[in-house]
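# Inside the fold
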Amino acid sequence: MGRTVAEPSTSGTSVVGLKKVATEHTRLIYMTTGVLLQKLVGNKSLTEFTHIFIDEVHERTEELDFLLLVVRKLLHSNSWFVKVILMSATINCKEFAEYFSTPILGQMAPAYVFEVEGASYTVEEYYLDDLHSLLPHRVEKPNPEDPTITPEMYNVALSLIQSFDEMEAKDRRWNSGSMALPERGSVLVFLPGLAEIHHMQDELATLVRKRLQVYLLHSTVTLEEQNGAFLVPIPGYRKIILSTNIAESSVTVSDVKYGGYLPLDGSGVTCSWSCRCLLVVIFSFVVIDFCLERQMVCDKETNYQSLHLVWSSKANCSQRRGRAGRVSKGYCYRLVTKEFWKKEIPDHAVPEMLRCPLAGTVLRLKLLDMGDPRTLLSNALSPPELRDIEKTLLQLKEVSKNSTDGRGRNRHDGKLTFLGRVLAHLPVDLHLGKMVVLGHVFGCLEECLIIAASMSLKSYFVLPSVQRQAGFRSKLAFTNGVPSDFMAFVNAFKAWHIARSKGEFRNSVDELKWGKENCIQVKRIREVAELMADLKHRVSDFNIRVRKQPDLADYENINKQRFILQVVVAGAFYPSYFTVGEIDEELASKELLWHDPKTTVLVRNIPPYGFLYYKQLLSLFRQCGQVKAISFDSSRAYVEFNKTSTQVTGVLPEVSLALLMARQRTLLELFVHSTEQVEAEAGGRIVSHLRYSRVNVDLQNHSVYPVSILSSATDPEQLPSNPQFIVSITEVLEVGHFWGFRADEADLERQHRLTAEINGRRLQPLSGPLFPDLLCLAPFSEDGESSQYFRARILHVCGSDVEVFFVDYGNISHVTASGLRDLPEDLSTHPFQAWEFQVAGMQPSAQSLILGSQWSSRARKRFISLVSSHNLIASLYSVVHGVMRVDLFINTSTVNSSVADVMVKEGHARKAEESFESKQSHEELQTLYKDLQDGTFVPISVSSSYVAQKEEEKQLIDNLLEAFAKSSEATPRSRVCVCVCVCVVNCVAINEAPQDVHQRVLVAGVVSVNASGSHILLKETALMPSIAGLPALLCMLFSPHTELRTNAERTCFTGALCGLGWNAHTQEPVLPEHDIELAFDVKFDVEDATKINALRMAINCLLREGPDGVLQLGADRVRQLQEDVRDKLVRLITRLPARDPVPPQYCERPFRWNQVEPSEKMECVEDDGRTEGVLFPLHPITLLNPEELQQEPSDMKQVHYCRRTNATH
């Protein structure tokens, strides 16, 4: 395009991307395949154009084959006089000519074929047969059934690259004095994916004396990193470009002299209609071709996609060969034998229509209204199998694009619903389009448009190859604590849009600076904004518009909107739901050696004398955050990150980053010394007992010391003398989580004595630099009284302002740096009196989770009012990771109740089970207090000889560290790989409450499988809130059909089967692989089923067609219906009283439909009796026995849209 398009004003040409800019003077219009297809489907004619040129038809993408089908159909119906020209350098002329045959004199005449010779330079081809004299490596012949790249093949590529210096020297002797070629030509190497690119990059790094500049070209590489491939190399250096097939036909680097190809990853196979990337072509003088590529293949049963490594076609290899010989004579090295090339390499690739999902194609065929999709697709250039088309039609019904019923009527066809018509006009994935429509229904259209646009283009989040942790940290920050990629898209886009609209970007430099600081590619986020605007315009044609007056942006409304958006995402991607697996808490705690899983990661495979390498571990994990301490035990290390604030309550982001690093780099390398070297440095002293001993590294105090195995888990000196005590709360962190101190008479007296002693001394100004965790004395005054000094720890320093935490009271204050004083050493030894507390057995209710990130503002206000105006008695339950878990009681002359009970009764909280560690601590404390009461407690005593032994071990450790610190550079070392354990409580999707037995669901926007089919790969995910019963509610709300299960006595519901229903003739499931069998873990009743139907009916009101449909509704009526949907959703989830937990009862005949007799259920219909074209038909409700029904609320008798039926199927 860049070589042919001139200025529109002078040539009359125009480029069509998101906007059409053609005028009456336009004679030539450029557009992508998708845009042209969209126009033809809408117009159902070609007559808008006189000529249509379709380029690169050899690629045979699904979209391109569908375009050819539509063009051929229209040519033969109403567009006879339009000329269609197909172009490609590697086209199968005969196949295309016969496909576009036209009847002439009673015979089918193939289309005309014109061949135009190119003007490229000569390209010499070489095969493995020709390389034996050049390369000494013994290479096995390729296996047709096992396409792969062996280490020997990598060596062949390396040897070729090294041989180019010699080849160029010969060229210079033959062409002395010629300046046509650069001194050292660049090399282009094609690889299958990012892993192979990194492997080749590592191999090239070993050629340190070859003066190479290596650049990467891959869809996930940042634009800045990709741009390096187009820069002129440093004089005397050779540029090496490692690329996927993105460089096969769309990128140009004019100085590439040597190019090579290894297998593809498919990243450049197709380009969506809105991906208006810069068209650049890589010109190379030499190509090394492994004749391999990765193709996207769709599993016939599950519809999941995966990348398979296959032998590439001769057509694709010719395209790669074409990268050479553009500006001078070229060379092409194909690393297969000539015989293999002739017999095993296919002429053309398998068309995408035969191996990828057909949903988008079938939906647009329905919009064309030219007949049965099965019949139309049978006329494609490469028609897909009939079973694949029928499977696609069923999947469209599941996503509710076509109407159907639960008994399989109209099994392979059906009318387009309103949703289907909208999606057919949107140039995005069908699930993303469904999300946009549901966003309109639930009043969060703007956010859904952002997500749809963001997921339709390449991600604007930068994950640089050398700073991936920084990129992930930025994306994690944009989630605002919600474990969802979708929320990250929304928040990042809004942050950019707000900064831009407020004029914070004075110029493009400021905008780029903001993007760099936040690891966001500005060019791509601008493209998302353009696509979002286009989608917004398209849906407005269907009376779908963003609210002009958004809800108030207070705390509860913001969180309510966030929750509703998460529900919409779940509805859009149904049935891609995955439940979080159960965790063995006891095993996980033992694996972590009782370290806090919210701050600590476990590193395995630590070599002997692991403490010698603590600085290397510190360096590895420093990119994740500040490390507080490292503990070594046997072959394991426990890396504990520092809490930067006393108000942090959840899993530290540093832990997530460390686990992500483990996912991306499975093995972390340490340079280690041999056991013999370590023991030799000991100077004859025996150190073998330190090989796997317990050693702690305190990075804050800069000390390394051995740990006694005779340490008590609970120190009675640190505990209250009585498990029940008065507590004074000084700082509420969150509902049920606070800092305070024991306020019994003896404790208060101890506090007063310490305060008097501090303020009775002559205090000295704080000497030395200020830094976090420094202990000092800080002033504090209350109620306008004169300030006194108290012991404090510095949290943050910002200029002269210092944030301090008072270690004896638990409150936080800001003071000036000049007001701080030195803490006398003798006063620092007193135990700190402040404790961190949590109320035991209490978790946020569904209402609190919806209206707050964890707790709603009203829950927080209520908790503060309860604890601030009453005397509080704490009953110690357990101590876990330094936090006292207590039962908190209000104790007055008129009130004596539990704070947790009050919060639960008022709907702010729910009862919850304590963790395994808390239960174990509780048992230990019970035993301890009983022994103290009975006078039988015996403290652990340590002999003087044991203390001396530990002192000797510490001396040995210090000597070894000092010895290797001096000789580390000269001492030979080997490499050992260690790995972060991700099989315990801390996995990348971290479960903060493993003791919660209720199911929690993960929604995936993209689901694929690896090539072998052994692993399912999820991308763009959202972990739904931990609300009891939520997974079952989501399934029943968004499934096409649901059949409720009951126990044998039919006294209660035990589960449900959700899916597309069953075939009335065969009694078999219509789409069994997508059916979901639920076993309820909370109690559901008829009222719940009725509320689900009421919500589905409310959704349908905003998606109807006809005289009273959505197209006829005014803005006020739309908003009223949206509020009704939102209100019904919240009331369904936050039912009061809360649903009781029940043990799951699994169905004896799972995944079998039609197990309920017609006389035992109520068929439900809309008010107007409509069933056709309804997006969400109402679920039939299985009747419970009369005794149970009598206990239901009286208003259930007034449900007017349920009727009992005795009709047979």
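Just so you know, these numbers come straight off a predicted model, no measurement behind them.

Looking now at the overall build of the protein. Assigned secondary structure in the protein consists of 34 helices and 43 strands. Relative to its 1209 residues, the protein shows a buried fraction of 52%. For the protein, restricting intrachain contacts to residue pairs at least 6 apart in sequence, the fraction spanning at least 24 positions comes to 73%.

Tallied over the full model, the rule gives 26 aromatic pairs. When the centroid spacing of 5.2 Å and the interplanar angle of 90° are considered together, the rings of Tyr-99 and Phe-100 count as edge-to-face. For Phe-100, a relative accessible area of 10% puts it in the buried group. Ring geometry for Tyr-127 and Trp-341: centres 6.1 Å apart, planes at 55°, overall tilted. Taken as a pair, Tyr-127 in strand S7 (residues 123–127) and Trp-341 in helix H9 (residues 338–343) lie far apart in primary sequence, 214 residues in all. Among the aromatic residues, those joined into a cluster by ring pairs are Phe-741, Phe-780, Phe-790, Phe-806 and Tyr-809. Over the face of the ring belonging to Trp-341 we find Lys-314, whose NZ or CZ atom lies 5.5 Å from the ring centre. Just above the ring of Phe-489 sits the side chain of Lys-475; from NZ or CZ to the centre is 5.5 Å.

Before going further, it helps to spend a moment on the pattern of salt bridges. Pairing is possible between side chains of opposite charge, provided their charged atoms come close. Under the counting rule described, the total for this entry stands at 52 salt bridges. With a shortest N-O distance of 3.8 Å, Lys-338 and Asp-130 are connected by a salt bridge. Pair noted here: Lys-338 is in helix H9 and Asp-130 is in the loop between S7 and helix H5 (151–174), with a separation of 208 residues, a long-range link. By relative accessible area, Asp-130 is classed as partly exposed at 30%.

The next point concerns the sheet that holds strand S40 (residues 1076–1079). Either a parallel or an antiparallel arrangement is found when strands of a sheet pair, and the pairing is made through backbone hydrogen bonds. The antiparallel open sheet is built from 3 strands, whose spatial order is S38-S39-S40. Edge positions in the open sheet fall to strand S38 (1041–1046) and S40, since each of these has one partner strand only. Ignoring which end each strand starts from, the neighbouring axes of this sheet average 20° apart. Looking at chain direction, strand S39 (residues 1053–1059) and S40 are connected through 4 bridges and run antiparallel. The residue of S40 that forms the bridge with Ala-1056 is Leu-1078. The strands touched by helix H31 (residues 1030–1038) within the sheet are S38, S39 and S40, with S40 carrying the most contacts at an inclination of about 140°.

Structurally, the position occupied by Ile-197 is in helix H6 (residues 194–205). A relative accessible area of 0% means that Ile-197 is categorised as buried. Put simply, Ile-197 and Leu-217 are 20 residues apart on the chain and 8.9 Å apart in space, counted from C-alpha to C-alpha. Those residues in contact with Ile-197 that lie beyond four places of it in its chain are Leu-191, Leu-216, Leu-217, His-218, Leu-242, Ser-243 and Thr-244.

Relative to each other, helix H2 (residues 33–43) and helix H10 (residues 359–368) sit at 30°, their axes nearing to 8 Å. Accordingly, the angle class assigned to the pair H2 and H10 is roughly parallel. The handedness of the crossing between H2 and H10 comes out as left-handed. Across from Leu-37, Gln-38, Leu-40 and Val-41 in H2, the residues of H10 making contact are Arg-364, Leu-367 and Leu-368. Per-class residue counts for the contact of H2 with H10 are 5 nonpolar, 1 polar and 1 charged.

Sheet topology note: the strand S36 (residues 1001–1009)/strand S37 (residues 1016–1023) ladder contains 7 bridges and is antiparallel. The residue of S37 that forms the bridge with Val-1007 is Leu-1018. Taking the residues that link successive antiparallel strands as the turn, the S36-S37 hairpin has 6 residues, and the phi of Gly-1013 there is positive, at about 80°.

This brings us to the nonpolar core. In this structure, Met-435, Phe-442, Met-1036 and Phe-1038 are the most contacted members of the largest nonpolar core, which totals 149 residues. Excluding its chain neighbours within four sequence positions, the residues that come into contact with Met-435 are Cys-448, Ile-451, Ala-452, Val-568, Val-569, Ala-572 and Phe-573. Formed by 43 residues, the second largest nonpolar core is a distinct cluster that contains Leu-612, Leu-617, Leu-659 and Val-697.

Okay, the confidence of the model for the protein next. With 84% of its residues at a pLDDT of 70 or more, the protein shows a mean pLDDT of 81. Mean pLDDT in the protein bottoms out at strand S43 (residues 1202–1204), which sits at 39, and peaks at H31, which reaches 96. Every residue in residues 178–182 is under pLDDT 50, and counting partners more than four places away or in other chains gives 3 contacts. Note that residues 1188–1209 has pLDDT below 50 and, in this model, 44 contacts with residues that lie over four places away or in other chains.

In terms of burial, S39 is a largely internal element, 7 of the 7 residues being buried. Relative to S39, S38 runs antiparallel, the two being bridged by 6 bridges. Looking at the pairing, Leu-1044 lines up with Ala-1056 of S39. Between S38 and S39, which follow one another and run antiparallel, lie 6 residues, and Arg-1050 among them has a positive phi close to 55°.

With that settled, the discussion passes to the sheet that holds strand S25 (residues 775–780). Pairing in this open sheet of 4 strands is antiparallel, and the strands run S25-S26-S27-S28 from one edge to the other. Where the open sheet ends on each side, the last strands, each with one partner, are S25 and strand S28 (812–816). Shown here is a sheet whose adjacent strand axes are inclined to one another by a mean of 55°, direction ignored. Inspection of the sheet shows strand S26 (residues 788–798) paired to strand S27 (residues 801–806) by 6 bridges, in the antiparallel sense.

What follows is about helix H14 (residues 430–441). An ideal rise of 1.5 Å per residue puts 16 Å on 12 residues; H14 measures up with 17 Å between its terminal C-alpha atoms. Among the 12 residues that make up H14, 11 are buried, leaving the element largely enclosed by the rest of the structure. For H14, the full list of buried residues reads Leu-430, Leu-432, Gly-433, Lys-434, Met-435, Val-436, Val-437, Leu-438, Gly-439, His-440 and Val-441. Two or three places before His-431, at the start of H14, stands the capping residue Asp-429, its side-chain oxygen 2.9 Å from that residue's backbone nitrogen. Note on H14: the residue one or two positions beyond its end, Gly-443, has a positive phi of about 75°.

Let's shift gears to unusual backbone geometry. Of the consecutive residues Tyr-574 and Pro-575, the connecting peptide bond is found in the cis state with omega at 5°. Note that Pro-575 resides in the loop between helix H20 (555–572) and strand S16 (577–579). The omega torsion of the bond from Leu-1136 to Pro-1137 falls at -5°, within 30 degrees of zero and hence cis. The backbone of Gln-1067 sits at a positive phi, close to 65°, despite the residue not being glycine. Positionally, Gln-1067 belongs in the loop between S39 and S40. Its identity is not glycine, yet Asn-1154 carries a phi of approximately 60°, on the positive side.

Cut-offs applied
Residues numbered from 1 in each chain as written. Predicted model: local features only at pLDDT ≥ 70, side-chain atom pairs only at ≥ 80, totals over all residues. Heavy atoms only, no water. Helix = DSSP H or I, 4+ residues; strand = E, 2+ residues; numbered from the N terminus. Buried < 20%, exposed > 50% of the residue type's maximum accessible area, 1.4 Å probe, protein only. Contact = heavy atoms within 4.5 Å. Phe/Tyr/Trp six-rings, centres within 6.5 Å; stacked < 30°, edge-to-face > 60°. Lys NZ or Arg CZ within 6 Å of the ring centre and 35° of its normal. Salt bridge = Lys/Arg side-chain N within 4 Å of Asp/Glu carboxyl O. Pairing = 2+ DSSP bridges. Axes fitted to C-alpha atoms, helices over the stretch in contact; angles between N-to-C directions. Parallel < 35°, antiparallel > 145°, perpendicular 65-115°, else oblique. Left-handed = near helix turned anticlockwise from the far one by under 90°. Nonpolar A, V, L, I, M, F, W, Y, C, P; charged D, E, K, R; others polar. Core = buried A, V, L, I, M, F, W, Y, C linked by side-chain atoms within 4.5 Å. pLDDT = per-residue confidence, 0-100. Expected span 1.5 Å × (residues − 1). Polar contact = N/O pair within 3.5 Å; in protein donor to acceptor, adjacent residues only side chain to side chain.

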